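Each chain is listed here by its residues.
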Amino acid sequence: MDISKTLSSQAKPVRACVVGLGHWGPNLVRAIERHPNAKVVVAADASPERRALVAQRIPGLFLESSLADCLKKYDFDAVFVAVPTEFHFQVGMQVLEAGKHLFIEKPLASNSQEALELCEEAARRNLQLMTGQIFLYNGGITAMKKYVDSGELGNLFYINANRTNLGPLRSDVNALWDLASHDIAIFNYIFGALPMQVTCSAYHLLGRPVEDIAQGTLLYPGNRVAAFFVSWLDPQKKRDITVVGDRKMLTFDDMRPERPIKIFDKGVTVSRPDEYHDTFHNFRMAIREGQSIEPEVTTGEPLVNECSHFIDCILTGNRPLTDGQLGLDVVRVLEALTRSFHENGKPVSMWQRDRASASPAAQIQPAARPN
Ligand SMILES: NC(=O)c1ccc[n+]([C@@H]2O[C@H](COP(=O)([O-])OP(=O)(O)OC[C@H]3O[C@@H](n4cnc5c(N)ncnc54)[C@H](O)[C@@H]3O)[C@@H](O)[C@H]2O)c1
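All figures in this text were calculated on a predicted structure; none of them were measured in a lab.

A. Spotlight on the environment of G60. Among the secondary structure elements, G60 is positioned in the loop between α3 (48–57) and β3 (63–64). With a relative accessible area of 71%, G60 lands in the exposed category. Taking C-alpha positions, G60 is 9.9 Å from V42, a pair spaced 18 residues apart along the chain.

See below:
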């Protein structure tokens, strides 16, 4: 059932404000307006040049230079924040203190203390807080989760992700915080757990103080492994993920949105020693090369799915899939990865970090989360 259509006939429309109209903010305006029961009443950007550009692109949109001006002059229920990450906390707090529901782009904040304070403030005021971990609204990732949870792949061995492109180059955050934040959200979601230990290497290659490439390995409970490589200095745009289970394997390729998922009936069969084998090498292990299928996947535009989900959560009071806690978890993993690359790739135990920290949210154990 399409909940958006059902709600549209009954509920009062959600009035939205969008703050930050750079590369991403105008996409949010368009996606919010696709919901039958939501309206962008005003948007703000600090830069007069950006406002002039957006005025041309989206005629009729009311524009202000700050959230404060929007709050003074307009009435709205929710704010979508797409300013650079370093300002997420400052703008996000202002939104919550004004009593508005908050959608905030990924990563939720620049550090876990700020992310925690946003979660606590939203909870105290009984407001919705959702973070824009867009890949959890991607039909391919939803299908991946369904296949993993159904047991079709068996027990998972590992997940490997590549996220590369030439640009966009950011200067407010490095490639780890910008790009791998997506992969960490996906890993935590697919494994239904937080990592116990992480290692990371990251390098700045363009002579700027932000790292342009990063690779990391995350160890999850049950000896399950996730690895990523991210770069904004690569000739090819790749958004691919491989999930390897002990029964079947799966690939996700976001560059093939019409058929993003492929399932391979392949694996290694561990044989009993008393069975006949023709060579010593495959005495215990036999490679199984079965068929592969490309199932049909319900996709839809992930950004529209994401914005609709937030609006529906405001209307129904349901908790968003990518709530503040999920955003905080991602930030905590990013911090651990950052510590690892600052210490030349040393393994960082998230378990020990949790115990050493005084902050209540940092005491969350790397245990399974209900999905
Ligand atoms: N989900 C995704 O796939 C995705 C993609 C791109 C960007 N993002 C996220 O969106 C956010 C913005 O990214 P971007 O690429 O649009 O950045 P950007 O630098 O292109 O744009 C940011 C805009 O915010 C404005 N701004 C900054 N502080 C402000 C304030 N206090 N009040 C009003 N305006 C302010 C700037 O003038 C600028 O126009 C980041 O958090 C980024 O991680 C998410």
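Back to the write-up after that little detour.
B. Just the site of the ligand, in detail. In the vicinity of the ligand there are 22 residues, among which W24, D45, H88, K106 and R170 approach most closely. Contacts to the ligand include W24, whose backbone N or O atom sits 2.8 Å from an oxygen atom. A distance of 2.8 Å separates an oxygen atom of the ligand from a polar side-chain atom of H88. Relative to its free-state accessible area of 850 Å², the ligand is covered by the protein chains to the extent of 81%.

C. Geometry of a nonpolar patch on the surface. Judged by side-chain polarity, L166, L169, Y203, L205, L206 and L233 come together as a nonpolar surface patch covering roughly 580 Å² of accessible area. Mapped onto the elements of the fold, L233 is located in strand β11 (residues 233–245). With relative accessibility at 32%, the residue L233 sits in the partly exposed group.

D. Local environment of the packing of helix α8 (residues 175–191) against helix α10 (residues 324–342). As a packed pair, α8 and α10 sit with axes 9 Å apart at the nearest point and diverge in direction by 120°. In terms of their interaxial angle, α8 and α10 are classed as oblique. Crossing hand, α8 versus α10: right-handed. Residues L176, W177, S181, I184, A185 and N188 of α8 lie in contact with α10, whose contacting residues are D329, V330, V331, V333, L334, E335, L337, T338 and F341.

E. Fine view of the pairing of strand β10 (residues 224–231). Strand direction decides the pairing type here: strand β7 (residues 156–166) and β10, joined by seven bridges, are parallel. Across the sheet, the residue bridging to A161 is F228, located in β10. As judged from the eight bridges shared by strand β9 (residues 213–220) and β10, these two strands associate in the antiparallel manner. The residue of β10 that forms the bridge with I213 is S231. Here β9 folds back onto β10 in antiparallel fashion, the turn holding three residues, of which G222 has a positive phi close to 85°.

F. Spatial organisation of the packing of aromatic side chains. Inspection of every chain in the model, using the stated rule, returns five aromatic pairs. Relative to Y74, the ring of F62 lies with its centre 6.0 Å away and its plane at 45°, an arrangement referred to as tilted. With a gap of twelve residues between them, F62 in the loop between α3 and β3 and Y74 in the loop between α4 (67–73) and β4 (78–81) connect regions that are remote in the sequence. Assessed through its relative accessible area of 22%, Y74 is described here as partly exposed. Linked through ring pairs, F80, F103 and F310 together constitute an aromatic cluster. Its guanidinium or amino end placed over the ring of F76, K100 lies 5.3 Å from that ring's centre, counting from NZ or CZ. Its guanidinium or amino end placed over the ring of F135, R163 lies 4.4 Å from that ring's centre, counting from NZ or CZ.

Rules behind the numbers
Residue positions within a chain follow its written sequence, with the count starting from 1. For this predicted model, a pLDDT threshold of at least 70 governs which residues receive local features, and a threshold of 80 or more governs which side-chain atom pairs are given and counted, while totals over whole chains, interfaces and linings are taken from all residues. Hydrogens and water are ignored here; the side-chain numbers use all heavy atoms of the structure. For the purposes of this entry, the term helix denotes a DSSP run of H or I that reaches at least four residues, the term strand denotes a run of E that reaches at least two, and both are numbered from the N terminus. Type-normalised accessible area, obtained with a 1.4 Å probe on protein chains alone, sets the label of each residue: buried when under 20%, exposed when over 50%, and partly exposed for intermediate values. What makes a residue near a molecule or strand is one non-hydrogen atom of that residue sitting within 4 Å of it. Here a polar contact is taken to be a pair of N or O atoms separated by no more than 3.5 Å, where protein atoms must pair a possible hydrogen donor with a possible acceptor and residues adjacent in sequence count only if both atoms sit in side chains. Method for areas: the Shrake-Rupley scheme with a 1.4 Å probe, in which residue coverage is limited to the protein chains shown. A patch consists of residues exposed above 30% relative accessible area that lack any salt bridge, with like charges linked at up to 9 Å and nonpolar side chains (Val, Leu, Ile, Met, Phe, Trp, Tyr) linked at up to 5 Å. The salt bridge criterion pairs a side-chain nitrogen of Lys or Arg with a carboxyl oxygen of Asp or Glu, the two atoms within 4 Å. Angular values range over 0 to 180 degrees, each being the angle between N-to-C directions of two axes fitted as lines to C-alpha atoms, with helices fitted over their stretch in contact. Throughout, the term roughly parallel applies to angles under 35 degrees, roughly antiparallel to angles over 145, roughly perpendicular to angles from 65 to 115, and oblique to all others. Left-handed describes a crossing whose near helix is turned anticlockwise from the far helix through less than a right angle; right-handed describes the clockwise counterpart. We call two residues contacting when some pair of their heavy atoms lies within 4.5 Å. Any two strands are treated as partners once DSSP identifies two or more bridges connecting them. Between the rings of Phe, Tyr and Trp (Trp by its six-membered ring), a pair exists once the centres lie within 6.5 Å; its type follows the angle of the planes, with under 30 degrees stacked, over 60 edge-to-face, and the other angles tilted. Placement of a positive charge over a ring is assigned whenever Lys NZ or Arg CZ falls within 6 Å of the ring centre and within 35 degrees of the normal to the ring plane.

In short, shape yes, function no, at least from these values alone.
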